[in-house]
Amino acid sequence: MATVDVIKSCIDSIRQISEHIQGAIVYLDAGSVESFQLIGAYPVLLELGARAICSLENMSALDAVVDWNSQYDPARKLVVITSSLLSNAHRYILRCLSTHQVVRHCIIFTSISETAHSAFPDSPLGPDAYHEYESLLVQDYEELVKKSGTKPGQAKLNFEDGGHSQFPSGGEDVPNLEASSSGRDIYEHNPLDFVEDAVLKLVVSVHHFPMIICPISPRVFVLPSEGLVAEAYLSSEHEDFISPGLPPLSTGMLSDADDVPSGATLTAHFLYHLAAKMDLKMEIFSLGDISKTVGKLLTDMSSLYDVGRRKRSAGLLLIDRTLDLLTPCCHGDSLVDRMFSSLPRRSRTVSHAQIKGSGSQLKLGSSYLQRSPLDVQIPLAEILNENDWKIDNFRLLESIEAFLCGWNSGNSDSQIAGLINLSQKIHDKPSHSDLEKLTGSFVSSENFRGMPLLEAILDRRTKDGALLVKKWLQETLRKENLTVNVKSRPGLVTRQELQAMIKALSRSQSSLLRNKGIIQLASATILALEESNYAKWDAFSSAEKILSVSSGETSQSLAMQIGDLINKSALLGSHVNEGKRETSKGLLSLQDALLLMIVGYILAGENFPTSGSDGPFSWQEEHLLKEAVVDALLENPSVANLKFLDGLREELETNVNKLKSEKTTEDPSELDIDDFDDDQWGKWGEEDGDDDNKNEQVYGDAQLKLELRDRVDNLFKFLHKLSDLKRKNIPLRDGSLTTEANFDEDRKGLLYKLLTRVLGKSDVPGLEYHSSTVGRLFKSGFGRFGLGQAKPSLADQNVILVFVIGGINGLEVREAHEALAESGRPDIELLVGGTTLLTSNDMLDLLLGDSSYI
């Protein structure tokens, strides 16, 4: 039987819509771009006949010019692939249609099903969402074309801004950018005939395309960070809720149907259609309140028809992220986690309408999360420096000028002169500052001799993964018949060695293109293991070990360690602010110390649940911690991006700047003789005014400190909630799935422990099985005649999909595969998925940053 491959399923889904792709301009929204980038789908789209592949949010009138499948006729078909609601993509689709007015057929693929559209609170569409939108889009386009009604070909494009300057600030009034795909006039008839022709012949069709996911490997995937499913809230503000991007505490009280978070509903619809696309019949198990809600929704969506079809049986294990917040907050031994934490990310897509403002409701509103994009930017230019990587700027710019002149050969001489002036401007600019840096990104489908690159390092620790990358580079050099004069020590990976091999493979363009996958992975490895990044990661890891050891001793010892981390970070921040020295490698900032304080409180709640009346520490211990945090924030208010400081940060920064200025102006070691001048006696009457000013200043400082104390009190109330995870989460109460009390060098997370127990067929407290339609029928009807079905076991399945609602990290993926290997079941195919790929910085943002409730 064929193995389950998420990447292959995504590629197959794209090929199934080949008839729509052929001859069309394809527009992808931000979530689809992220997905297709990781899948490596762009060559597939071009193979299927796509004329151009463009960004939906940042569309331009020049998009139609880039015709990869050269044809003389202008493109009359437009394909839009979106991972958001149709209503959210509407303004961008209208812009595309108004720009490419020769288009007669618009095909829209959305990953959000019709049922999910009708269930989502912000969607104005009903149960027949697709047909409703088809008619609404045609109607809006008709009004837009009649309103503009200008003859095509009269407007001129501004090449300096890429054709964007004619877009309006709002999304409602989309202009008529009259430029055909060839840059010449197409219509020679009356413009009114054109308007009537555009209205009558535009055909719109909407289809469901669920396979917009981000596979990190053939068996590991997450959802696009800018797709609706990942952006939707998983909880609402309530006593037992921690963050909108995380499930609530599993107290055993399931919410009513009306109170189900939109993220849970969308997750259920996504998993249902994912299983259908992969021909899997799911036996559903859940652990956690939101997971149980998703499991029930999945069960309700199943039907006798779905169950009776010939599908491969698989087990689906749903897990709430809130049952284990410690693992994603910590810095484990994972090369993939180091890469995603060290490498810069692509900035989130921001449209021009969002920058300038619009009267309509924008997608990036208060009800959507802002998750970090998964598309990392590997700075290849730093690895391939100028001495080894030279680009002929002159020839490149001459080619651009010739292309633009040829594209506008039918235009006036003044436009040609403008293009030449533009080229001259580019020539005059320094090449080292204006040429975009050469960057790379991960593509999960790239492999080395059949072994997917990312999948191989996901299953390995940091050192083993780096050695594997080194081995791949050496074998690639032998294959290319290249030699590198660099010392190599077995069992050791150095930056100089990897960089020398990368440069050797990149000397020729053909070699660079053939081996781009391993070159990008090796470059990412270099950046992840760079001294500054490596030292900071190890500093985090050492601090977490110390906290874990202290949690096995006394609450006083743990509180002292947390306080020491806060004080050291405050001292570091004050030195950096004063300009005395730069941040030393391996030292932690205040933001880092607050993340470690979260780790400390979670550990304290597991080991000292009754030390204090309201928290895991005594009143005296927590008072000292509060004072340390207040003092640290007074000295370094701008160090951390903390939501609980909103509205107070400017006052704190003003206070710090005022203290600095006073410190620099006052010098008590020097006395001025004028201080003892007789004329000073005549100023005694003015001292009362000076005292009043000082009193007002002291009063203002006291008010600021009191306000800050109130904010810090709220922070510690939130930390108390985190320390109650073990007590309030019912599946964790017996202690079998929580972290070990004493520090273990190879401490495992919840996912490893859960899979170990499940595959060993041991009982797991709180694990619920959701019966299928047929199962419920046997249980309720035929069960009275002795024909009832036995409860299935997850270990009996040959395919197991583990999905963590809230997100996963690389360490958990490795531990999941370790649990499978130790179970002695090589016949089981394990797939691991999650809402997003989490790093420790993402967790800090979810708990204390802009995406938090605090």
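The present account deals with the structure reproduced in this document. No experiment lies behind these values; they were computed from the predicted model shown.

**Description of unusual backbone geometry**
As a rule of thumb, non-glycine residues mostly have phi less than zero, and peptide bonds are mostly trans rather than cis.
Link 1 in the chain: Phi at D279 takes a positive value of approximately 55 degrees, unusual for a residue other than glycine.
Link 2 in the chain: The residue D279 is located in the loop between helix 10 (262-277) and strand 8 (280-287) in this model.
Link 3 in the chain: According to the relative accessible area criterion, D279 is partly exposed, its value standing at 39%.
Link 4 in the chain: Within the chain, N481 stands out as a residue other than glycine whose phi angle is a positive 60 degrees.
Link 5 in the chain: Tracing the backbone shows N481 in the loop between helix 21 (462-479) and helix 22 (495-505).

**Considering the pairing of strand 4 (residues 105-110)**
Every other side chain in a regular strand lies on the same face of the sheet, so the side chains alternate between the two faces.
Link 1 in the chain: Within strand 4, 5 of the 6 residues are buried, which leaves the element mostly enclosed by the surrounding structure.
Link 2 in the chain: Strand direction decides the pairing type here: strand 3 (residues 77-82) and strand 4, joined by 6 bridges, are parallel. Counterpart to T82 in the pairing with strand 4 is T110.
Link 3 in the chain: Relative to strand 5 (residues 203-208), strand 4 is paired through 6 bridges, and the arrangement is parallel. Each residue of the ladder has a partner; that of H105, found in strand 5, is V203.

**Considering the side chain of T462**
Link 1 in the chain: Along the chain, T462 falls in helix 21.
Link 2 in the chain: Residue T462 is classed as buried on the basis of its relative accessible area, which comes to 5%.
Link 3 in the chain: Within the structure, the side chain of T462 is placed 2.8 Å from the side chain of D333, a separation counted as a polar contact.

**A short note on the packing of aromatic side chains**
Link 1 in the chain: Tallied over the full model, the rule gives 10 aromatic pairs.
Link 2 in the chain: Ring centres of F221 and F803 lie 6.2 Å apart, and the angle between their planes is 35 degrees; this geometry places the pair in the tilted category. With F221 in strand 7 (residues 220-222) and F803 in strand 15 (residues 799-805), this residue pair connects regions lying 582 residues apart in the sequence. Across this residue pair, the class does not change: F221 and F803 are buried.
Link 3 in the chain: In textbook terms, an aromatic cluster arises when at least three aromatic residues are bridged by ring pairs, as seen for F221, F270 and F803.
Link 4 in the chain: The ring centre of Y92 lies 5.6 Å from the NZ or CZ of R91, which sits over that ring.
Link 5 in the chain: Over the aromatic face of Y752 sits the side chain of K748, whose NZ or CZ is 4.9 Å from the ring centroid.

**Some words on the sheet that holds strand 16 (residues 829-834)**
Link 1 in the chain: With mixed pairing, the 7 strands of this open sheet are ordered in space as 6-7-16-15-9-8-14. Sheet topology places strand 6 (214-217) and strand 14 (768-770) at the edges, where each strand pairs with a single neighbour. Within the sheet, the average angular offset between the axes of one strand and its neighbour, ignoring direction, is 25 degrees.
Link 2 in the chain: Of the strand pairs in this sheet, strand 6 and strand 7 are connected by 3 bridges, and their pairing is antiparallel. The residue of strand 7 that forms the bridge with P215 is F221.
Link 3 in the chain: Against the sheet, helix 32 (residues 750-759) engages strand 8, strand 9 (312-320), strand 15 and strand 16, with an angle of about 140 degrees to strand 9.

**Notes on the environment of I284**
Link 1 in the chain: Its place among the elements puts I284 in strand 8.
Link 2 in the chain: On the basis of relative accessibility, which here comes to 7%, the residue I284 falls in the buried class.
Link 3 in the chain: C-alpha of I284 to C-alpha of Y769: the two residues are 485 residues apart in sequence and 6.0 Å apart in space.
Link 4 in the chain: Excluding residues that lie within four positions of it along the chain, I284 makes contacts with G295, L298, T299, L316, L318, E768, Y769 and H770.

**As for helix 3 (residues 30-39)**
Link 1 in the chain: Taking burial as the measure, the 10 residues of helix 3 include 9 buried ones, the bulk of the element.
Link 2 in the chain: Residues of helix 3 that are buried in the fold lie against helix 1 (6-15), strand 1 (25-28), helix 4 (42-47), strand 3 and strand 6.
Link 3 in the chain: Just downstream of helix 3, G40 is the residue with a positive phi angle, here 80 degrees.

**Describing the packing of helix 32 against helix 34 (residues 810-822)**
Helix-helix packing is described using two parameters, namely the angle between the two axes and the distance between the axes.
Link 1 in the chain: Contact geometry of helix 32 with helix 34 gives a least axis separation of 8 Å together with a crossing angle of 20 degrees. Comparing their axes, helix 34 and helix 32 come out roughly parallel. Here the hand of the crossing between helix 32 and helix 34 comes out right-handed. For the pair helix 32 and helix 34, contact is made by L751, Y752, L755, T756 and L759 and by E812, E815, A816, E818, A819, L820 and E822, respectively.
Link 2 in the chain: Here the residues of the contact of helix 32 with helix 34 are counted per class, giving 7 nonpolar, 1 polar and 4 charged.

Rules of the game
- Residues numbered from 1 in each chain as written.
- Predicted model: local features only at pLDDT ≥ 70, side-chain atom pairs only at ≥ 80, totals over all residues.
- Heavy atoms only, no water.
- Helix = DSSP H or I, 4+ residues; strand = E, 2+ residues; numbered from the N terminus.
- Buried < 20%, exposed > 50% of the residue type's maximum accessible area, 1.4 Å probe, protein only.
- Pairing = 2+ DSSP bridges.
- Polar contact = N/O pair within 3.5 Å; in protein donor to acceptor, adjacent residues only side chain to side chain.
- Phe/Tyr/Trp six-rings, centres within 6.5 Å; stacked < 30°, edge-to-face > 60°.
- Lys NZ or Arg CZ within 6 Å of the ring centre and 35° of its normal.
- Axes fitted to C-alpha atoms, helices over the stretch in contact; angles between N-to-C directions.
- Contact = heavy atoms within 4.5 Å.
- Parallel < 35°, antiparallel > 145°, perpendicular 65-115°, else oblique.
- Left-handed = near helix turned anticlockwise from the far one by under 90°.
- Nonpolar A, V, L, I, M, F, W, Y, C, P; charged D, E, K, R; others polar.

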